[in-house]
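# Structure at a glance
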Amino acid sequence: MKGHIRQRRGKNNKNKWHIIYDGERKADGGRNQVTVKFDGTKRDAERELARLLHELHTGQFVEPGRETLGDFLTRWLRDCAALNVQPKTYERYAEIVHTHLIPQLGQLRMEKLRPAHIQKYYAEALKTGRRDGKGGLSSSTVLYHHRVLRCALQQAVTWRLLPRNPADDVTPPRASEREMRALSQEDADKLLEVAKESPHYTAIVLAVTTGLRRGELAALRWQDLDLTRRYLTVHQAVEVTKAGGFRFKEPKTAGSRRTISLPAMAVEALKQHRAEQARQRLMFGPGYQDHGLVLASSDGTPCNPMALTKCLKPLLKKAGLPPLRLHELRHTHASQLINLKIDPLTVSKRLGHSKVSTTMDVYGHLMPGAQEQAMELLDAAYQAVRTNSRSG
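Time to look at the sheet that holds strand β3 (residues 33–39). Read from one edge of the open sheet, three strands run β1-β2-β3, paired in antiparallel fashion. Each of the sheet's edge strands pairs with one partner strand only, and the pair in question is β1 (3–7) and β3. When strand polarity is set aside, the average angle formed by the axes of neighbouring strands in this sheet is 25°. When β1 meets strand β2 (residues 16–22), the two strands line up antiparallel, connected through five bridges. Within the sheet, the bridge partner assigned to histidine 4 lies in β2 and is isoleucine 20. Against the sheet, helix α1 (residues 42–58) touches β1, β2 and β3, its axis set at about 20° to β2.

Here we take up the packing of helix α3 (residues 87–105) against helix α5 (residues 139–158). At their nearest, the axes of α3 and α5 sit 10 Å apart, and the two run at 95° to each other. As summarised for this structure, α3 and α5 are arranged roughly perpendicular, according to the angle between their axes. Two secondary-structure elements touch here, α3 through Thr89, Arg92, Tyr93, Ile96, Val97, His100, Leu101 and Leu105 and α5 through Thr141, Tyr144, His145, Val148 and Leu149. Of the residues contributing to the contact of α3 with α5, the split by class is eight nonpolar, four polar and one charged.

Within the chain, arginine 160 stands out as a residue other than glycine whose phi angle is a positive 65°. As for its placement among the helices and strands, arginine 160 is situated in the loop between α5 and α6 (185–195). Its identity as a non-glycine residue notwithstanding, arginine 230 has a phi of 60°, on the positive side. Along the chain, arginine 230 falls in the loop between β4 (225–226) and β5 (231–234). Accessibility expressed as a relative area gives 38% for arginine 230, which makes it partly exposed.

A few words on the side chain of threonine 301. Mapped onto the secondary structure, threonine 301 falls in the loop between α9 (264–284) and α10 (305–318). Assessed through its relative accessible area of 18%, threonine 301 is described here as buried. A distance of 2.7 Å separates polar atoms of two side chains, one belonging to threonine 301 and the other to aspartate 299. In contact with threonine 301, not counting residues within four places along its chain, are Gln289, His291 and Ala296.

With that out of the way, let us pick up the environment of glutamine 119. Mapped onto the elements of the fold, glutamine 119 is located in helix α4 (residues 115–128). For the pair glutamine 119 and proline 172, spaced 53 residues apart in sequence, the C-alpha to C-alpha distance is 7.6 Å.

With that out of the way, let us pick up the nonpolar core. One finds Leu191, Ile204, Leu232 and Leu329 to be the most contacted residues of the largest nonpolar core, which totals 43 residues. Those elements that provide at least two residues to this core are α6, α7 (201–210), α8 (214–219), β5, α9 and α10. Excluding residues within four positions of it along the chain, leucine 191 makes contact with Leu183, Ile204, Leu312, Leu315, Leu316, Ala319, Leu321 and Leu329. Judged by nonpolar contacts, the second largest core, of 30 residues, contains Leu77, Ala81, Tyr93 and Ala167.

Calculation criteria
- Residues numbered from 1 in each chain as written.
- Predicted model: local features only at pLDDT ≥ 70, side-chain atom pairs only at ≥ 80, totals over all residues.
- Heavy atoms only, no water.
- Pairing = 2+ DSSP bridges.
- Helix = DSSP H or I, 4+ residues; strand = E, 2+ residues; numbered from the N terminus.
- Axes fitted to C-alpha atoms, helices over the stretch in contact; angles between N-to-C directions.
- Contact = heavy atoms within 4.5 Å.
- Parallel < 35°, antiparallel > 145°, perpendicular 65-115°, else oblique.
- Nonpolar A, V, L, I, M, F, W, Y, C, P; charged D, E, K, R; others polar.
- Buried < 20%, exposed > 50% of the residue type's maximum accessible area, 1.4 Å probe, protein only.
- Polar contact = N/O pair within 3.5 Å; in protein donor to acceptor, adjacent residues only side chain to side chain.
- Core = buried A, V, L, I, M, F, W, Y, C linked by side-chain atoms within 4.5 Å.

Put into structure tokens, the structure is as follows:
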């Protein structure tokens, strides 16, 4: 493979070059000389020529096209992401692509996209990326943008539109550590006492005593419960998208399919709730839509998971407690189990984590003195062996 560089003609073309090289042979075997424009120093142009020739020699070369990153991302969403991710995830991907990535990077042609362009976008997004003009996006949000863009560009490599993924050479921001908040045993009891007068009492009890995710709570059916033997089984979850509305789906992970034992207070709340739901069914008559859901709306239709989130705020305020997300009742359940010295494997299974390591990563800091206790037990074990050895 041969090639050379030549300075472009005209004024003010000091750092403007033509890179000329022999591309892949034509179908008839004839020579295929390719000329591309390059802006930069002479040394940079020589390096670019060397890179092109190396890719041609190793079979990694991708013929430059005129597709922009915006065109590609739109195609990637339609032909790849829509077929391989959950609708809610696709909705989030599309929002990031159309609201952030395309407006800032979409005009660049694919072969012109460089790590520096992406790095600059991340820096600007951290400073001024919010759509309401009130500053920058969080580092966790920009990191998510990086993961979406990197995934899309990796598909471009697979489709031979790019020789390598430029996002691999970018340093994304580190995710900021979000403080994990949880209620103490006393505060959780205050919340439950206040919630007894609320139609959402059963949802709050289940969230605090089982650690179910919001979508799992909304999808729970009576057939998933055995109140005699005091357990429930998680078979599905609910998600709501703008395009498709309500949708029942498989649980988040394989570990999310699980059976959870219930405390007596949850069983009692469920029995009372079932009786109240039966009264509502009689009141609505033929208009009641029975989907067999535990936390259904008053007419039997699926409950919007967001309604479970909204019901929590006034209850916390009434109990004199700080604001929390519904998901933090899940944290509350986990922290209470850990404080009761329940082993991590049991905690992990109740939460539906796919690995115990996930539980330890999230909640390990709630186990103060665990290593010290382990070493004390180890010392005691060795001491017992030595004592037995001497006495023998």
